[in-house]
Every structure is written in C-alpha cells, then in structure tokens.
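What follows is the residue order along each chain.
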Number of protein chains: 2
Amino acid sequence: MDNQPIDIAAYVAQVGHRARAASREMARAATAAKDAALKATAAAIRREARTLQQANEHDLQAARAAGEDPAFVDRLALTDKVIESMAAGLEQIATLADPIGEITDLRYRPTGIQVGRMRVPLGVIGIIYESRPNVTIDAAGLCIKSGNATILRGGSEAIHSNQALAALVREGLASAGLPQDAVQVIETTDRAAVGELIASPQYVDVIVPRGGKSLIERISRDAKVPTIKHLDGICHVYIDDSADLQKAVRIADNAKTQRYSPCNTMETLLVAESIAAKVLPELCRIYADKGVELRVDASTASILAAHQLSSVPATEQDWHTEYLAPILSIRVVAGIDEAIEHIGTYGSSHTDAIVTEDYSKAMRFLREVDSSSVMVNASTRFADGFEYGLGAEIGISTDKLHARGPVGLEGLTSVKYVVLGSGQIRT
Amino acid sequence: MDNQPIDIAAYVAQVGHRARAASREMARAATAAKDAALKATAAAIRREARTLQQANEHDLQAARAAGEDPAFVDRLALTDKVIESMAAGLEQIATLADPIGEITDLRYRPTGIQVGRMRVPLGVIGIIYESRPNVTIDAAGLCIKSGNATILRGGSEAIHSNQALAALVREGLASAGLPQDAVQVIETTDRAAVGELIASPQYVDVIVPRGGKSLIERISRDAKVPTIKHLDGICHVYIDDSADLQKAVRIADNAKTQRYSPCNTMETLLVAESIAAKVLPELCRIYADKGVELRVDASTASILAAHQLSSVPATEQDWHTEYLAPILSIRVVAGIDEAIEHIGTYGSSHTDAIVTEDYSKAMRFLREVDSSSVMVNASTRFADGFEYGLGAEIGISTDKLHARGPVGLEGLTSVKYVVLGSGQIRT
C-alpha cells in the first residue's frame, strides 16, 4: 500500500474497526492463549531471522541512500543481537503475571453486598514511534499480555522491518487462536494516517507517542484521544549538606555518565553551599576525565577555577535544557528549600534525587518534589520499568492522570467495580 | 464582581495563579490541619445558618422571579436539613483516612534499592456544576482532604449562596493555618470564565463537570484539560434463565422505582426468553401500580397483553435513552450472549447487573460487560460512593483512564514512584 494514493480516512476507519472488534476478543482471552501467542511469536522471530534481516536490508539501504547518519542507521538495524533480544523479551513478558481479571479489595459492605475492583484492558492502544523496529515487538507483546488490541505506527524509515515483524506477531496470535487484528501495523507512510488515528476516540482508547520531543508535542497538541507520554527528562541530583560524600560522587557520576542519551540521565546537578567546595572538585575531575562539558553558576565556577578545572557560564536557558549529551549544568544552592524550588521551576517532573543522610530532609524531598520518580541516595538512572520490577515498559509518563512514571502492563489497564450480591436492594 | 464588565482572561489567570500556589501548600499540609479546616467549616456552617439562608434567599427570589419551576427552586434551597447535611458531610470527610503520602508496594529490588509508590494530590481541580449549592461544600471538602486546591464554578442561579458558603470554607482553612485560596469560587456569572478555565492546563489539572448532559458534552468537547465525567447512565438489569425469580422481581423493581432521577437507575430491562413469561407479569404489575410506562419489544408486548397489562412499542431510540423518569424499556433476549451484546451496543458503560444463580454466567457477565460497575444479584442503585465505602463521591466516571466508577478521595489523587537507596548506582 506504500506510496499508493489511498483514502486515508477510510483506511484508518477500517483498521480501527478491526482493532475494536479484536479488542473485545482479547479482553476475554485466557492467560494461556496470550502466553502461547507470545511464545509462538518468539519462536517465529528466531526461525525467520534471515527473512527479517532481508526486509530490514530494504530499510537500511534506503536510509543509507538518503544519507542518514550512522547512528540513525544503527538504530534501524535488526542485528542478530536485536533479534534475539526481541524474542527473549516476548518470552519474558509471557512469564509476567496476567493483570487482567484480578479482583482486589473485595469487601463486604454493611448492606451485605461485596464490592471490589476488577482489572480490565483499556481496549485499543495506538502506538506512534520512530526508527527502532524492536518497539514493534515490545509494544505488541505488552498489549497482547494486557488483553488490548494495538495499532502500531512506526517510522516510515522502518516500514519493511515493521511489516515483517508484525506478520510474525499475527502468525503467533493465530496459532494461539487469538484474533490477528489484535496487532495491526499502519501500512501507509502517509503522515495523514497519524492525524486520523489520534483524532479517532471511537477506535482508539489511548495513544502512546514515543520518540523525539517534537513528535510528542505535535501528537499531544492535536490528539482527541488521551495520551500517555513524557516530553522532557530534565532530571536533577541534589547533593545535600548532610550527604555522604562518597555516595554523592558515585551517584552524581553514574546519573550523568553511565549513558548520556536516556531520559533518566541527570541534566542539572544542585549542590548545597556548605558542601560544594568539598564535593565539586573530586566530582568535576571525574566529569572532566570523561569529557563532560560543565555549564555552571558563579559559585561553582570559582570553586572549579581554584582547582584548575574548566567550565563555561550557565545561561538561564541551560536550567531548562535536556542535553542528552556529555554536558551538565551545575548550580550551588543555599539548601534543600532552594533545591526543591529550583526543581519545581526548571524540572520536567520526570526523575529527581537527593543525596543525604538526614532523615527529615530525605522525607521532605520525597513528599515535596512533584516528579514521577523521586529518589533518596540512588542514581536517577534507575527510573526504568525493568529496574522497578514492572517486567517491561511501554514508556514513561510524566502526566499525573492515569499512569505516572515507568508504564508497564498495569498502565495499559483500567479497573471496574464489581458488586457481588445475593438479592440486595437499596432502601 | 457579578454583572460588571471585567477582563475574563486576566481574572481567570489570577484565580488560577492563586490556586496553583495554594495547591503546593495543600500538597504538604498535615492531616490534622486539613481535618481541622473541615471541622471548623462545619462549625461555621451551623453557626452562620441564618446568614447562609439570607444569601440563599437572594438566589431563590431571583429564581422565582425568573419563573423557574418548583423543582428547580427546591434544588436551590438551603433548608435547615440541607445545611445540617453539609456540615455533617464535612465532619464525615474529616473521619476518612488521609490518602496523601501513603506508600504502597515498597519492595527491595535485586539491586538493593527499595521501590514503592506514594499517593499525591492531583494539584488543582476545577469543578463546574449546576444549581445545587451543597455541591460547593461537598466538592470543597473532598478537595481539601485530598490535598488539592479547587476552583468552583457553580450555576449563576446559585451565585449568592455559593459565595456565602465559600467564605465559610475559606474561614475554616484560615483557622487551620491553610491557604484560603485552596478553595475559590469564580465570582463572575460570565460564561466566558468557564471557557477560560477549561482551556487552562497551566492552572487546572483536571475538570469535573457535574450537571446535565448538554453541559458535560460541551465541556468535554472544548476542554484542553482532562475531565472526570459521565455523560449517560443507561443502566441495564438482565434477568437470566437461571435467575431466582423473587430476587429478580425485587432487584428489577428497586433498580427502576426506588428513585427515578439518579444516573444509576435502570433504564432498560433485559429478560431471558425462557423465563420471560414467568417473571414479567408479576414484575410489570408492580410497575403498573407505580405508574411506570413500559416501552417494550414484541415478545414482551404479547406476554403483557395476555395479562391485561398495557405497554407501548419501543423504538430503536428507546434502547439509547436515559429516561430519568417513570419510563422503562423492556426487551426479551435469547440469553446471556444477546444480553451482553445489547449492553455493549446500547449501554453507556455506567452500571449493569445480572440476576442469576448460575456461577459460570455470573463470572462471564462480570468479566465481559465493559461498564464502570458490573453487578450480580444486586440493584444498580448501589453504584454510589457511599454504598461502595468510599466515604463520599465527587461524581461517577464512565471513562476508562484514571478514575472509573464512583470517584472518591482516591480519584482526586495520583501516585509517584519513590526510590529509597543507600548509594546504589546503575551498572
């Protein structure tokens, strides 16, 4: 269908209609059938590795011909390692507990009725993502296990890879007696399809946009369907007066340098005035050795200069910036109040950490910092579905409604009240 | 400010700015302070009963002068009974457990970090409602206890009553050392203020519209802020082949006739073919005695005719209609599959019940009916925050994201992840 003129609205309506029908079957699917579909897909991915790589080669050639940079081409590649990790990921999702149908808090009320809550799927999840084709498999796996149908819209640069992967998922679903249309890939690269999809609450219950900030901003602005998303990861570490210096250095180093591109990497370091001269020289020498550019306030600059460490002055814009690169902004603050104030003003409600041995300040930071993950004496890099024990994640939400923080199977579900009676009426 | 030309955008921005500032203080407010504010407001309401009734008299006179019908004027009246019930309601909210700060699921991960979830307020709740001024107190009470700030926009017909009530809440907040701006009433009756409010995500985190369907439809269509709402309550009772007939009659009678206007009242009765002739005559005689008009399909009509019970033919539109009146539509279905299909097609995802003694059919109905409350052998009239043990409710949600079913304190909160470490870094 690629590159052929089609009626986009009619096409999306058809896909949406099929997804809605499939979602009803998926909602009542047995755990064993869903797990069988995941395992069969994993087996198919291993079996068809060469087929997948042939399809992927079309996308890679097109990307190289278009002059895309090597990092872009790397993200696109279905290497043997990526293929094995997709298959293993599906098998791992199969081992997770099925959230659907779980009844919690079932209690007798004075009237004699029992009231509880049953976990149910959301329905149809639309996922819009860029380049990495393995998202196709991760997202499909999480949606299958959580009893949802999904409509996937990957980047046009990965269309052949995504279609080949989706064909194997659909084979897996069919082999388990589940509806193939529970997983559909949008088969046109026409951007209008995204516009249709995100404006179709009759077909889609929630949209998960994954990718660059501009993609996510555009989708959340135009969507008529609720979204689960985060825009920025402007994460902070605050080193308190009462910090253990060794922990402070270890955490602030790891939060910045373990990897530069993830959203949970620290972008701004805040240091209490009274401890700054003790901790910054050692820490900034590590950053310097690793080639991290430091953009700092005047207090930090003078401490660093005294130790022959170079830095550049931070501008107001730096405090607002998610670098995703070996760049770090540093600011000396009077104490915890100013740190919380700075995070509230410049942060993105993603992940923020305090390093302190002071109980009361740890408790205050936990309660008063309004971010999706708040940490004491741990690296911000832990903000992740696997590290939190969710088993897998479809993304991270910095919104407050519905899902917040790393979103795993539970974030793709809702609850309904169940009432068990024996003939009760209301009086 | 009423009736004077003002800059609505600037006014709403000012209110919103104050609410946002107050919400930060409320988020960290101690349970004791919030409870003290609730009790002080309750005391002030009892003390100032006459003042409230004088303010209310302005609204009542205006309503009578405008020729409003007696039911409308009744809803508006702050009688002694309404005043006592508002005060008692606040005291009851003070007895509820504080949801804020609760940490759940705090578990060690293999890395040594502890990961859990802390319940936090949403921030600023906008509540848009009609006529009944007691909503001002109920909503303010729930928002205070859940650590939120609230902006209240009641109907213009109740503006004097609402302002008088809000003044007492603000007095209660101040007496407990909490920010008065945690509860603000929009002081202009200009409709443009609603438009501004629902389009201001920078000031408002969620909008709860309460009132007639047209109000709610308009608000959810135009809102740029998430809403918690239900549009319709087209609730069903399905009497299964395996129903206990006595329970069936009792529940179907109560679900329709205990009160006609609530959203959880049954609007359509579905009856399994094999049991219809046994249950409908007795049941419909009760309806006839209570003056309930029956709009029925052909099968029901012939059963009723054989028992000299009158009915009118149902049209397709009847199955879509929330009567909120002594009118009931009745349809005979082949069995549970057709019942679930009918509810999926015509229902509003509010509350639906099955009457059956058959275990497997009860389980299927619970799992497969996709409504905010699903019941076995109980009257749909139980779908209510008090009956479910939530303590109070701010409304009922038929949406799937965030809150679903009766919304109490928990529905006005979110969670964040908390991570407690002892120096861990990610490797």
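For the structure, see preceding data.
Residues numbered from 1 in each chain as written. Chains lettered and ligands numbered in written order. Predicted model: local features only at pLDDT ≥ 70, side-chain atom pairs only at ≥ 80, totals over all residues.

Draft legend 1. Layout of the overall build of chain A. When helices and strands are tallied, chain A shows 15 helices and 16 strands. In terms of C-alpha radius of gyration, chain A reaches 24 Å, essentially the compact-globule figure of 22 Å for 427 residues. Taken along its principal axes, the extent of the C-alpha atoms in chain A is 70 × 70 × 35 Å. For chain A, the proportion of its 427 residues judged to be buried stands at 54%. Put simply, of all contacts in chain A between residues at least 6 apart along the chain, 72% involve residues at least 24 apart. (Helix = DSSP H or I, 4+ residues; strand = E, 2+ residues; numbered from the N terminus. Rg over C-alpha atoms; globule rule 2.2 N^0.38 Å. Buried ≥ 20, exposed ≤ 12 C-beta atoms within 10 Å, placed from the backbone. Contact = placed C-beta atoms within 7 Å.)

Draft legend 2. Molecular detail of the pairing of strand 4 (residues 149-153) of chain B. All names here are of chain B. Of all five residues making up strand 4, five are buried, and the element is well covered by its neighbours. Burial along strand 4 is two-sided: Ala149, Ile151 and Arg153 and Thr150 and Leu152, pointing in opposite directions, are all buried. The sheet contact formed by strand 3 (residues 124-128) and strand 4 spans five bridges and is parallel. Its bridge partner lying in strand 4, Ile128 is registered against Arg153. Regarding topology, helix 6 (residues 134-145) serves as the crossover connection from strand 3 to the parallel strand 4, and that connection is right-handed. (Pairing = 2+ DSSP bridges. Right-handed = clockwise from strand over helix to strand, strands pointing away.)

Draft legend 3. Quick peek at the nonpolar core. Within the largest apolar cluster, 261 residues are counted, with the highest numbers of intra-cluster contacts made by Val237, Ile239 and Val271 of chain A together with Val237, Ile239 and Val271 of chain B. When residues no more than four places from it in sequence are discounted, the contact partners of Val237 of chain B are Ile251, Ala252, Ala255, Met266, Leu269, Ala353, Val355 and Thr380 of chain B. (Core = buried A, V, L, I, M, F, W, Y, C linked by C-beta atoms within 7 Å.)

Draft legend 4. How the structure looks around helix 7 (residues 159-175) of chain A. Residue and element names in this part refer to chain A. Taking 1.5 Å as the rise per residue, helix 7 with 17 residues should run 24 Å; its terminal C-alpha atoms sit 24 Å apart, in good agreement. Helix 7 sits mainly inside the fold: 12 of its 17 residues count as buried. For helix 7, the full list of buried residues reads Ile159, His160, Ser161, Asn162, Ala164, Leu165, Ala166, Leu168, Val169, Arg170, Gly172 and Leu173. Those residues of helix 7 that are buried are in contact with helix 2 (31-47), helix 3 (49-65), helix 6 (134-145), strand 4 (149-153) and strand 5 (183-185). One or two positions beyond helix 7, positive phi appears at Gly177, with a value near 75°. (Expected span 1.5 Å × (residues − 1).)

Draft legend 5. View of the environment of Arg50 of chain B. All names here are of chain B. Within the secondary structure layout, Arg50 lies in helix 3 (residues 49-65). A tally of 9 C-beta atoms within 10 Å means that Arg50 is categorised as exposed. Sequence separation of Arg50 and Asp105 is 55 residues, and the distance between their C-alpha atoms is 49 Å.

Draft legend 6. How the structure looks around the relation of the copies chain A and chain B. Relative to chain B, chain A is turned by 180° and slid 0.0 Å along the rotation axis, the superposed coordinates differing by an RMSD of 0.0 Å. Here the copies are linked by what is in effect a two-fold axis. When each C-alpha of chain A is compared by its distance to the rotation axis, His402 of chain A comes out closest, at 1.9 Å. Mapped onto chain B, 100% of the interface residues of chain A again fall at the interface, so both copies present the same surface. (Least-squares fit on C-alpha atoms with pLDDT ≥ 70 in both.)

Draft legend 7. Quick peek at the interface of chain A and chain B. Every contact between the two is made by 56 residues of chain A and, on the other side, 56 residues of chain B. Elements represented by at least two residues in the side of chain A that touches chain B include exactly strand 2 (114-121), helix 10 (245-257), helix 15 (359-368), strand 13 (373-378) and strand 16 (413-424) of chain A. Per-element accounting of the side of chain A that touches chain B gives the leading share, 11 residues, to strand 16 of chain A. Grouping the constituent residues of the side of chain A that touches chain B by class yields 22 nonpolar, 18 polar and 16 charged. Inspection of the sheet shows strand 16 of chain A paired to strand 13 (residues 373-378) of chain B by five bridges, in the parallel sense. Bridge pairing links Leu420 of chain A to Val376 of chain B in strand 13 of chain B. (Nonpolar A, V, L, I, M, F, W, Y, C, P; charged D, E, K, R; others polar.)

Draft legend 8. Structural view of the sheet that holds strand 1 (residues 103-108) of chain B. With respect to topology, 10 strands assemble into an open sheet ordered 10(A)-9(A)-11(A)-8(A)-7(A)-12(A)-13(A)-16(B)-2(B)-1(B), the strand pairing being mixed. Both edges of this open sheet fall to strand 10 (312-313) of chain A together with strand 1 of chain B, since each of them pairs with a single strand only. Along the sheet, helix 15 of chain A makes contact with strand 12 (351-355) and strand 13 of chain A together with strand 2 (114-121) and strand 16 (413-424) of chain B, crossing strand 13 of chain A at roughly 155°. (Axes fitted to C-alpha atoms, helices over the stretch in contact; angles between N-to-C directions.)

Draft legend 9. A look at unusual backbone geometry. One non-glycine residue with positive phi stands out, namely Gln308 of chain A, at about 55°. For Gln308 of chain A, the position within the fold is in the loop between helix 12 (298-306) and strand 10. A positive phi angle, close to 60°, is found at Ser349 of chain B, a residue other than glycine.

Draft legend 10. Region of the structure containing the environment of Asn148 of chain A. All names here are of chain A. For Asn148, the position within the fold is in the loop between helix 6 and strand 4. Exposure remark for Asn148: the 27 C-beta atoms within 10 Å place this residue in the buried category. Not counting residues up to four positions away in its chain, the partners in contact with Asn148 are Ser23, Met26, Pro121, Leu122, Gly123, Val124, Ile125, Cys143 and Leu412.

Draft legend 11. Fine view of the sheet that holds strand 3 of chain B. All names here are of chain B. Taken in spatial order, the four strands make up an open sheet running 5-4-3-6, and their pairing is parallel. Looking at which strands have only one partner, the edges of the open sheet turn out to be strand 5 (183-185) and strand 6 (206-209). Strand after strand, the sheet turns through a mean of 20° between neighbouring axes, direction not considered. Where strand 4 meets strand 5, three bridges bridge the pair, whose relative direction is parallel. Bridging from a neighbouring strand, Thr150 pairs with Val183 of strand 5. Most of the contacts of helix 6 go to strand 4, to which it runs at about 165°, and overall it touches strand 3, strand 4 and strand 5. Contacts between helix 9 (residues 213-222) and the sheet are confined to strand 3 and strand 6, with strand 6 contributing the most and set at about 165° to the helix.

Draft legend 12. Layout of the packing of helix 3 of chain B against helix 7 (residues 159-175) of chain B. Residue and element names in this part refer to chain B. For the pair helix 3 and helix 7, the least separation of the axes is 7 Å and the interaxial angle reads 155°. One finds that helix 3 runs roughly antiparallel with respect to helix 7. Where helix 3 crosses over helix 7, the handedness of that crossing is right-handed. Residues Thr51, Leu52, Ala55, Asn56, His58 and Asp59 of helix 3 form the contact with helix 7, whose own contacting residues are Ile159, His160, Ser161, Ala164 and Leu165. Residues of the contact of helix 3 with helix 7, tallied by class, amount to five nonpolar, five polar and one charged. (Parallel < 35°, antiparallel > 145°, perpendicular 65-115°, else oblique. Left-handed = near helix turned anticlockwise from the far one by under 90°.)

Draft legend 13. Inspection of the pairing of strand 8 (residues 266-272) of chain A at higher detail. Residue and element names in this part refer to chain A. Among the seven residues in strand 8, seven count as buried, and that is most of the element. Between strand 7 (residues 235-239) and its parallel partner strand 8, the chain crosses via helix 10, and the hand of that crossover is right-handed. Here five bridges tie strand 8 to strand 11 (residues 327-333), and the two strands are oriented parallel to one another. Counted as the bridge partner of Val271 is Val332 from strand 11.

Draft legend 14. Representation of the packing of helix 2 (residues 31-47) of chain B against helix 6 of chain B. All names here are of chain B. At a minimum axis distance of 9 Å, the contact between helix 2 and helix 6 shows a crossing angle of 165°. In this view, helix 2 runs roughly antiparallel relative to helix 6, as classed from their interaxial angle. Of the two elements, helix 2 crosses helix 6, and the hand of that crossing is right-handed. Residues Lys34, Ala37 and Leu38 of helix 2 pack against Gly141, Ile144 and Lys145 of helix 6.

By themselves, these figures tell us nothing about what the structure is for.
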